[in-house]
Amino acid sequence: LYSPTERSRNTEHNDKYIYVLAYGVSVTERWDGEERRSINTKRLEQTTNAIEKTHKLAKLDDMQEWLCNIETVFKYLKYPVVSMGIIKYCKEVTMDSSYFKGVTDSVPLHLIMIDEIANNHPLHHDTVFQFLKQLFERSHEHLQELEQIEIRKMIIDRMVHLLCVGHVIPVIQYMRYCLDNETADKSLIRHFAGEVMEVTTSPYSAEFIAEFLPIAKNPDITAPLRNSNESDSISQFIEYCGG
């Protein structure tokens, strides 16, 4: 339903697919043994409308249409089922090899929608994170090196946003993995470290310290972020951790 490229062989059945999906995620029933005692369809019509509207936008894949309907889209992103569909749509669009070549916005609408999904749905955090990791690791050989760095910084900013809404340790563990295995440019990990210090404050959990301290104490990463009088956030974090 949310793939902009896959065309159903039986588009006349789309309404049925949408109804079945909406029914499955919004209708509750109460059973007593083999007998159904009650059925609650209060949210069925609203859910059907939300899926139908966003499904049509995904199939059109017209950025102007998305922008014209952005308030409605953000309202519908509060529905978990719609958000999962939009993640699929955004993943397919942004994974296209030419996607970032045509991006002129500082943050494309597709990634703004991903941020909003992270805001609304804690249970989607891991799905969002897996998508961002794929996007971060994707090759952008058709772009110049500095352009690639800027794109990856933008994706790191989405990861930091995910950290801010509660998906903390997996994000830090991933960036530490990138550091330990040298799978990302050091400037990117430095950008991540600086952003994390901007959005966090003490007290820090033991797990946060265990994962982030090796990044903070790595001179190749954080030396440019520190000053001689140790008044910077990295130095203060290291002091908080006992040096």
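No experiment lies behind these values; they were computed from the predicted model shown.

Draft legend 1. Examining the layout of surface pockets more closely. The space that makes up the largest pocket amounts to roughly 220 Å³. Around the largest pocket sit F100, K101, V103, T104, D105, S106, L143, E147, E150, I151 and M154, which together line it. Broken down by class, the residue content of the lining of the largest pocket amounts to five nonpolar, two polar and four charged. Considering only enclosed or pocket space, the second largest pocket measures out at about 160 Å³ in volume. Around the second largest pocket sit 11 residues that line it, and M63, Y99, V103, D105 and P108 are the ones nearest its centre. For the lining of the second largest pocket, the elements supplying multiple residues, two or more each, are α3 (63–68) and α6 (109–120). Here the lining of the second largest pocket is composed, by residue class, of seven nonpolar, three polar and one charged.

Draft legend 2. Inspection of the packing of aromatic side chains at higher detail. In total, this model carries 12 aromatic pairs according to the counting rule given. Ring geometry for Y76 and Y79: centres 6.1 Å apart, planes at 70°, overall edge-to-face. According to the relative accessible area criterion, Y76 is buried, its value standing at 13%. In this structure Y79 comes out as buried when scored by relative accessible area, which is 16%. Measuring from centroid to centroid gives 6.0 Å for F208 and F237, while their planes differ by 80°, and the two rings are edge-to-face.

Draft legend 3. Layout of the nonpolar core. Grouped together as the largest cluster of nonpolar side chains are 70 residues, with contacts concentrated most on V82, F192 and F212. Of the residues forming this core, the biggest block, nine residues, is contributed by helix α8 (residues 145–164).

Draft legend 4. Region of the structure containing the state of the cysteines. Applying the stated criterion across every chain, the model contains zero disulfides. Not part of a disulfide, C90 finds its nearest cysteine sulfur in C68, a span of 17 Å. Here C241 stays unpaired: no disulfide links it, and the sulfur of C164, its closest cysteine neighbor, is 18 Å away.

Draft legend 5. Seen up close, the packing of α8 against helix α10 (residues 186–199). Remark: α8 packs on α10, axes separated minimally by 10 Å, with the N-to-C direction vectors making an angle of 30°. Of the possible angle classes, the one that applies to α8 and α10 is roughly parallel. Crossing angle aside, the handedness with which α8 passes α10 is right-handed. Residues I149, R152, K153, I156, D157, V160, L163 and C164 of α8 form the contact with α10, whose own contacting residues are S187, L188, H191, F192, E195, V196 and V199.

Draft legend 6. Local environment of the pairing of strand β2 (residues 35–40). Pairing of strand β1 (residues 28–32) with β2, which is carried by five bridges, proceeds in the antiparallel orientation. Its bridge partner being in β2, E29 is matched across the sheet by I39. Here β1 hands over to β2 after two residues, with G33 in that stretch at a positive phi of 70°.

Draft legend 7. Summary view of the environment of S139. Along the chain, S139 turns up in the loop between α7 (125–137) and α8. On the basis of relative accessible area, S139 is assigned to the partly exposed category, the value being 42%.

Draft legend 8. Up close: the pattern of salt bridges. Counted under the stated rule, the structure contains eight salt bridges. For the salt bridge of R36 with E29, the shortest nitrogen-to-oxygen distance reads 3.0 Å. Assessed through its relative accessible area of 36%, E29 is described here as partly exposed. Across the pair E211 and R176 runs a salt bridge whose closest N-O atoms are separated by 3.6 Å. Here R176 lies in helix α9 (residues 168–180) and E211 lies in helix α11 (residues 206–216), a separation of 35 residues in the sequence. Residue classification places E211 among the buried residues on the basis of a relative accessible area of 16%. Through salt bridges with shared partners, a single ionic network connects D32, E35 and R37.

Quick notes on the rules
- Residues numbered from 1 in each chain as written.
- Predicted model: local features only at pLDDT ≥ 70, side-chain atom pairs only at ≥ 80, totals over all residues.
- Heavy atoms only, no water.
- 1 Å grid on protein atoms, 1.4 Å probe; cavity = no way out; pocket = protein on both sides within 12 Å on 5 of 7 lines; lining within 4 Å.
- Points joined across faces, edges and corners; volume = space filled by probe spheres on them.
- Nonpolar A, V, L, I, M, F, W, Y, C, P; charged D, E, K, R; others polar.
- Helix = DSSP H or I, 4+ residues; strand = E, 2+ residues; numbered from the N terminus.
- Phe/Tyr/Trp six-rings, centres within 6.5 Å; stacked < 30°, edge-to-face > 60°.
- Buried < 20%, exposed > 50% of the residue type's maximum accessible area, 1.4 Å probe, protein only.
- Core = buried A, V, L, I, M, F, W, Y, C linked by side-chain atoms within 4.5 Å.
- Disulfide = S-S within 2.5 Å.
- Axes fitted to C-alpha atoms, helices over the stretch in contact; angles between N-to-C directions.
- Parallel < 35°, antiparallel > 145°, perpendicular 65-115°, else oblique.
- Left-handed = near helix turned anticlockwise from the far one by under 90°.
- Contact = heavy atoms within 4.5 Å.
- Pairing = 2+ DSSP bridges.
- Salt bridge = Lys/Arg side-chain N within 4 Å of Asp/Glu carboxyl O.

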